[in-house]
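Observations on chain architecture
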Amino acid sequence: MKWHFIDRSQQIAAIRSALGAAGAGPIVLAGEPGSGRSRLVERVLESSEAARYEIVRLRAADGPDEVAARVGAAAGDRPLLLVMDDAQVSGDESLMALRTAAGGSPGARVLVTTVSGPAARRPDPVDCLRFEPGAYTVDVPPLTVEEVAALLAELAGGHVRQATAGALHAATGGNLRLLHDFLVGRRLTERLTRGAAGWEFQCATEWLPPMDPSAATPHLVKATWDAWAALAFDRAFELCKAAAWCGEGHTVSVPLAHLLLLRGRGRDSMSFLDSLPEGTVERTPHLALARAVNLACGRGRPEAAAEFLLRAAVAAGPAQRPLLLAYRAWIMALSGRPADDVGAITRTDRETALFVHAAQAMTRLRTRPEEAVFHLRRALALTAGGTQAGPPWLAAHLTAYLIDALLLAGRAGEATLLAEGFHGGEPASGWDVAVAMSMVAA
């Protein structure tokens, strides 16, 4: 799979038009670092409009005397095109010399690149050219999701899933340099596989050791957790897979284990959990929860799940023990098994309280639905704590049970009102999560 030039036809056309316009001023090409400004300039210099000029390449490190000397040496019969890449790092004196040299040479034009966005230098020395009469400023924006999809399709040789393109766009912000790093430098193109809906990333179902710390990809990890928290599970799954192949499996192990489970791939989820370093699952609450849900719902072994959580709670410190016991109570109640006195669990944090209420709701759902409604509403209020208060799918799962509890309590109007948006499939409504969890629990 060969990297190729990204289509920037709109920007190229604007620069070519400016080069062909009589009496036009300097041309400033601005974009974020890694946006492809330099390659775009090279494409422009191959155009028929640039061919009528004598091209003079200047370096940003050239001092004013060097600029004047190089421009003077190039003077001839053809008009000059003075080109300087990364002009923002040049000195004010050098750019003023460039401006003066262009003004003193009939028909001369200036083409420079500079940085825009958060990394831009303030004040930018290039401003002495940007505000000249007749100046052109051409912006090079990040790639859109559609452009990332087109790039991936070209590399893969076929249609790429929207979630895969969206994942790479989220991880890179559409920055070409980062895209090249992921797809070529980290060889993610070799991890693409053809699925029923198009090309997507292969799934790593075993833990891969982390790479050298200098090769870390915090932007990829952040995009993964952001998608996980936002219930953008298709995108989050693709990001998890990409992160795992980039050596970040240890940092995205929680969403990956849960997403495999939600996709009905309980065996793969368990394989991944089993491959983690010894003790990792027991020491990481949301990984322990994933294993317990897998055992209880995916494999139909709630007693094994309760035993696992009890062992983990006994081995845990006092800060983590109540949470694991709350998980255990919820798992047992969810599967219709009697649990120990849930109310005796110390509610040391928001998530522990959440699962205590969820367990109490499950034990009362059929016999005392009014009380179940109360506990479910309390639990849902506590899920507002983000990923620090249960995995993101939990709110949807609890909402589905709240609708049932309201119906059982004879409060059909409230249940209908709650269900309208939930079943309507509104963005992040969670209906797809509830369906996935019902399939896991079936």
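Predicted model, so just to flag it, every value in this text is computed and none were measured. (Residues numbered from 1 in each chain as written. Predicted model: local features only at pLDDT ≥ 70, side-chain atom pairs only at ≥ 80, totals over all residues. Heavy atoms only, no water.)

Some points on the overall build of the protein
Spelled out, the test is: Runs of H or I in DSSP of at least four residues are treated as helices and runs of E of at least two as strands, each being numbered from the N terminus. When a residue's accessible area, from a 1.4 Å probe over protein chains only, is under 20% of the maximum for its type it is buried; when over 50% it is exposed; and in between it is partly exposed. We call two residues in contact whenever any of their non-hydrogen atoms come within 4.5 Å of each other. Surface accessibility in these figures is a Shrake-Rupley result with a 1.4 Å probe; residues are shielded only by whichever protein chains are displayed. Working convention for charge: Lys and Arg count positive, Asp and Glu count negative, and His plus the chain ends are omitted. In this description, the location of a charge corresponds to atom NZ of lysine, CZ of arginine, CG of aspartate or CD of glutamate.
Along its length, the protein carries 22 helices and 7 strands. Taking the principal axes of the C-alpha coordinates as reference, the protein spans close to 95 × 50 × 40 Å. The buried share of the protein, taken over its 442 residues, is 51%. Expressed as a percentage of contacts within the protein between residues at least 6 apart in sequence, the contacts between residues at least 24 apart total 69%. A total of about 19700 Å² of accessible surface is found on the protein, and carbon and sulfur atoms cover 53% of it. The distance from the centre of the 44 positive side-chain charges to the centre of the 47 negative ones in the protein is 4 Å.

Looking at the domain arrangement of the protein
This is how it is decided: The domain limits used here are those given by an automatic or database domain assignment. Reported buried area values correspond to the accessible surface (1.4 Å probe) lost by two parts on association, with both partners' losses combined. Each reported salt bridge corresponds to a side-chain nitrogen of Lys or Arg within 4 Å of a carboxyl oxygen of Asp or Glu. Polar contacts, as used here, are pairs of N or O atoms within 3.5 Å; protein pairs need one atom able to donate a hydrogen and one able to accept it. Residues neighboring in sequence count only if both atoms are side-chain atoms.
Per the domain assignment, the segments making up the protein are domain 1 (9–139) and domain 2 (142–277). Each of domain 1 and domain 2 was reduced to a C-alpha centroid, and the two centroids are 39 Å apart. On the domain 2 side, the residues contacting the 5 residues of domain 1 number 4 residues. Buried surface at the junction of domain 1 and domain 2, summed over both partners, amounts to about 350 Å²; 43% is from carbon and sulfur atoms. Linking domain 1 to domain 2 there are 0 salt bridges. Linking domain 1 with domain 2 are 3 residue pairs in polar contact (both at pLDDT 80 or more).

Some remarks on unusual backbone geometry
Cis geometry is found at the peptide bond from R122 to P123, where omega equals -5 degrees. Locating P123 in the fold gives a position in the loop between β4 (109–115) and α6 (127–130). In this structure, R187 takes a positive phi of about 60 degrees despite not being glycine. One can find R187 in the loop between α9 (176–185) and β6 (192–195). By relative accessible area, R187 is classed as partly exposed at 48%. Phi at L231 is positive, roughly 65 degrees, even though this residue is not glycine.

Examining the environment of E238
Examined against the element boundaries, E238 turns out to sit in helix α11 (residues 233–248). The exposure class assigned to E238 is buried, which follows from its relative accessible area of 0%. C-alpha separation for the pair E238 and F201, spaced 37 residues apart in sequence, amounts to 6.4 Å. Sequence-distant contacts of E238, defined by excluding residues within four places in its chain, comprise R161, A163, T164, A167, E200 and F201. Engagement of the side chain of E238 in a polar contact is seen with the side chain of T164, the distance being 2.8 Å.

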